Amino acid sequence: MNFMPVVLWSDALVFLLLAACSAVTWYVRRHEHLLLPWRRVAQNSVAMASLLVLSLFLLVGGLDTLHYRVALQDKNGGETVYSPEVLSVFDKLVEPLRLHTEKTYSAPLAVMLYAKESMTDAQGRVVREYPRLQYGGAHLSDAAQRDGDVVKRALLGALAGLLAAAVLLWLMRVKRRAQIVAALVIAALIGMTMNLAAVYHVLGTDKVGQDVLYLALKSIRTGLIIGTVTTLVTLPLALFLGVAAGYFRGWVDDVIQYVYTVLSSIPSVLLIAAAVLMMQVTIDTHPGWFDTAAARADLRLVFLCLILGMTSWTGLCRLLRGETLKLREMEYIQAAQSFGVSSMRILSRHIMPNVMHIILIALVMDFSALVLAEAVLSYVGVGVDPSMISFGTMINGARLEMAREPMVWWALAAAFGFMLVLVLAANLFADAVRDAFDPRLNRT
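For clarity, every value in this text was computed on a predicted model and none was experimentally measured. (Residues numbered from 1 in each chain as written. Predicted model: local features only at pLDDT ≥ 70, side-chain atom pairs only at ≥ 80, totals over all residues. Heavy atoms only, no water.)

Right, let's get into the overall build of the protein. Helix and strand counts for the protein come out as 16 helices and five strands. The C-alpha extent of the protein, read off along each of the three principal axes, is 100 × 60 × 50 Å. Counting across all 444 residues of the protein, residues that qualify as buried make up 42%. Within the protein, residue pairs in contact and separated by at least 24 positions form 70% of the contacts whose partners lie at least 6 positions apart. (Helix = DSSP H or I, 4+ residues; strand = E, 2+ residues; numbered from the N terminus. Buried < 20%, exposed > 50% of the residue type's maximum accessible area, 1.4 Å probe, protein only. Contact = heavy atoms within 4.5 Å.)

Put into C-alpha cells, the structure is as follows:
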C-alpha cells in the first residue's frame, strides 16, 4: 500500500466514544419515553442551528482523527519504508493550505509580506520593500488588483455556497425559517472561505509562514478531544459516587464527601501542572516507546485528558448528590422502598431518569470549560505538547507577536474566534437540552 493506517491512543478513545454514542442512540430510539425529550430538542430552532455548527466542528475533528503514514519511494531491501510524519485525511483534503507556506508573517488576504526586506531594484540599488508572497495572490500580475479579485471571489464563493445549501435544504424538506437562515449563512461563509483560500491566506500566516486558517482548523480536533474524551473519566466517577452518596447516605456519604472535598481543596492548576510534569519526565526518559513524534505528543494529550477528568468530576458529583438527596424523599421513591423494590432498580428506574437533565447540561457546560482550560494550560506551558497544534499553543505563540511593532494580531484573533463559535454553539445547545430533559419544565 502507498500508506499505512495509524491509530493513536486518542483515536482509539474517540472510536470508543463513537461506539458508546451509537449504542446509546440505538437504545434511545427503541424507547419512546427516552426519545420524547430529543424530539423537543429537535423542535428548538436555536438548538438545531447550534447543532449544525457543532456538526461542522465534529466533521473537521473526525476527518483529522483518521491518521496514516505515507510510503516513501526508497525501499530498504524490498521492505516498504513509511514516512515518520503522521498525516490525517483532513491534511490530505486541505493539502494546499498545509504546503503553501511563506517566509514569515503576512496579513489576512495579503499579497505582500508583513515585514520589509532588502531588495535590488531595476537600477541595481538596494531598497527596503515589501516582497510579494510566494503563494498568496500569486495569480495576480499586479498587487493593486487584489481588492477587486477578493470581492469577486468572495461573491462567487458565497453564491456557490448558497446554491449548494438551497439544494440540500430542498432535498431534506427543511421548512423552519430559523434553520434555513442559519444553514444559508453558514454555507455562504464556507463557500466564500473555500474560494478565497484557494489563492489567498484568508487569516494570514504566522512567524514561520504557516497558514493561520489551517492551524485554526487543526486546533479543532485537540479541543474536541479534550472536551469529549475527558468525559469518559468524569462521567462514571461523578455518576456513581454522586448518586451513591445521595441515596445510601450514612458512612457512604461521609466517605465520598471527604474524598471530593479534599480533592476540591487542592488548587486544580497546581495539581494538573504537577501531574503533567511528572508524566513528561516519564515520556522523556523512555523515548523508545514511540516510533513517531505524533505518538509522543498524542500520549501527552491522552494523559492530560485523564488528569483533567480526575480533577473535574467533583462539581458534577456534588450536584448529583444534592439532587439524589431530594429525590430520595419523594413519595414514589418511599413507596417503592416500602414495597421492597431493590435499590438498584430504584436507582435505574426512578433516580437516573430524573437526574439525566443535570448530567447532560453539566457535561456540555464542562465541555466548554475544558476547551477553555486547554487554552489556559497550554498558554502557561503545562497543556498539550508544543508540537501539537491547539488553540492554546496558538495563543501562546501569539503572546510575543502582540508586543511587536507592527502588531501581529490575526493568530490570536483566529484562535479566539474559533473558540468563541465552538463554545457558544455548545452552550446554546446545552440550554435546549436542559429545557427538554428537565422534568419540572415538562409536566404536560
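After presenting the structure, the write-up continues.
One pass over the structure, following the stated rule, counts 14 salt bridges. Residue Arg69 is joined to Asp291 by a salt bridge in which the shortest nitrogen-to-oxygen separation is 3.6 Å. Here Arg69, found in strand S2 (residues 67–76), pairs with Asp291, found in the loop between helix H10 (268–285) and helix H11 (293–312); they are 222 residues apart in sequence, far enough to count as distant. Residue Arg321 is joined to Asp253 by a salt bridge in which the shortest nitrogen-to-oxygen separation is 2.7 Å. Within this pair, whereas Arg321 is found in helix H12 (residues 314–328), its partner Asp253 is found in helix H9 (residues 250–265), the two being separated by 68 residues in sequence. For the pair Arg321 and Asp253, a shared accessibility class is recorded, and that class is buried. Connected via shared salt-bridge partners are Glu85, Lys92, Glu95 and Arg98. (Salt bridge = Lys/Arg side-chain N within 4 Å of Asp/Glu carboxyl O.)

Take the nonpolar core next. In this structure, Tyr200, Leu213, Ile220, Met394, Phe418 and Leu422 are the most contacted members of the largest nonpolar core, which totals 52 residues. Looking at this core, the element that brings in the most residues is helix H16 (residues 410–437), giving 14 residues. Residues within four places of Leu422 in sequence aside, it is in contact with Leu54, Phe57, Leu224, Phe367 and Val371. (Core = buried A, V, L, I, M, F, W, Y, C linked by side-chain atoms within 4.5 Å.)

Before going further, it helps to examine the packing of helix H15 (residues 391–401) against H16. Their axes nearest at 8 Å, the elements H15 and H16 cross at an angle of 150 degrees. Here H16 runs roughly antiparallel to H15, going by the angle between their axes. As for the relative orientation of H15 and H16, their crossing is left-handed in sense. Listed contacts from H16 to Phe391, Met394, Ile395, Ala398 and Glu401 of H15 are Ala411, Leu412, Ala414, Ala415, Phe418 and Met419. (Axes fitted to C-alpha atoms, helices over the stretch in contact; angles between N-to-C directions. Parallel < 35°, antiparallel > 145°, perpendicular 65-115°, else oblique. Left-handed = near helix turned anticlockwise from the far one by under 90°.)

To continue, consider the confidence of the model for the protein. Overall, the prediction assigns the protein a mean pLDDT of 85, with 97% of residues at 70 or greater. Confidence, read as mean pLDDT per element, is least for strand S4 (residues 117–120) in the protein (75) and greatest for helix H4 (residues 89–93) (92). (pLDDT = per-residue confidence, 0-100.)

A few words on the state of the cysteines. Tallied over the entire structure, the rule returns zero disulfides. Counting only cysteine sulfurs, Cys21 is the nearest neighbor of Cys305, a cysteine outside any disulfide, at a range of 15 Å. The class for Cys305 is buried, based on a relative accessible area of 2%. (Disulfide = S-S within 2.5 Å.)

We now examine the pairing of S4. As paired elements, S4 and strand S5 (residues 126–129) share four bridges and run antiparallel to each other. Residue pairing across strands places Met119 opposite Val127, the latter belonging to S5. (Pairing = 2+ DSSP bridges.)

Turning our eyes to something else, we now look at the side chain of Ser378. Relative to the assigned elements, Ser378 resides in helix H14 (residues 343–379). Within polar-contact distance, the side chain of Ser378 engages the backbone nitrogen of Val384 at 3.4 Å. Residues within four places of Ser378 in sequence aside, it is in contact with Gly383, Val384, Ser390, Gly392, Thr393 and Asn396. (Polar contact = N/O pair within 3.5 Å; in protein donor to acceptor, adjacent residues only side chain to side chain.)

Time to look at unusual backbone geometry. The backbone phi angle of Leu109 is positive, close to 60 degrees, even though this residue is not glycine. A positive phi angle is found at Arg249, which is not glycine, with a value near 50 degrees. On the secondary structure map, Arg249 appears in the loop between helix H8 (212–248) and H9.

In this fold, Thr230 is placed in helix H8. Taking relative accessible area as the criterion, Thr230 reaches 0% and is therefore assigned buried.

This part is about the packing of aromatic side chains. In total, this model carries five aromatic pairs according to the counting rule given. Measuring from centroid to centroid gives 4.8 Å for Tyr114 and Trp410, while their planes differ by 90 degrees, and the two rings are edge-to-face. With Tyr114 in the loop between helix H5 (95–99) and S4 and Trp410 in helix H16, the pair connects residues that are 296 residues apart, well separated along the chain. Judged by relative accessible area, Trp410 falls into the buried class, the value being 2%. Between Trp289 and Phe290, the aromatic rings sit 6.4 Å apart at their centres with planes inclined by 65 degrees, giving edge-to-face as the arrangement. (Phe/Tyr/Trp six-rings, centres within 6.5 Å; stacked < 30°, edge-to-face > 60°.)

What follows covers H9. For H9, with 16 residues, the first-to-last C-alpha span of 23 Å sits near the 22 Å given by 1.5 Å per residue. When we look at burial in H9, the residues that qualify are Val252, Asp253, Ile256 and Tyr260. Around the axis of H9, the buried residues are gathered within 95 degrees of arc, so they sit on the same side. Facing away from the buried side of H9 by over 90 degrees, the exposed positions are Trp251, Asp254, Tyr258 and Ser265. Summarising the contacts, the buried residues of H9 are in contact with H8 and H12. (Expected span 1.5 Å × (residues − 1). Arc of directions from axis to C-beta.)

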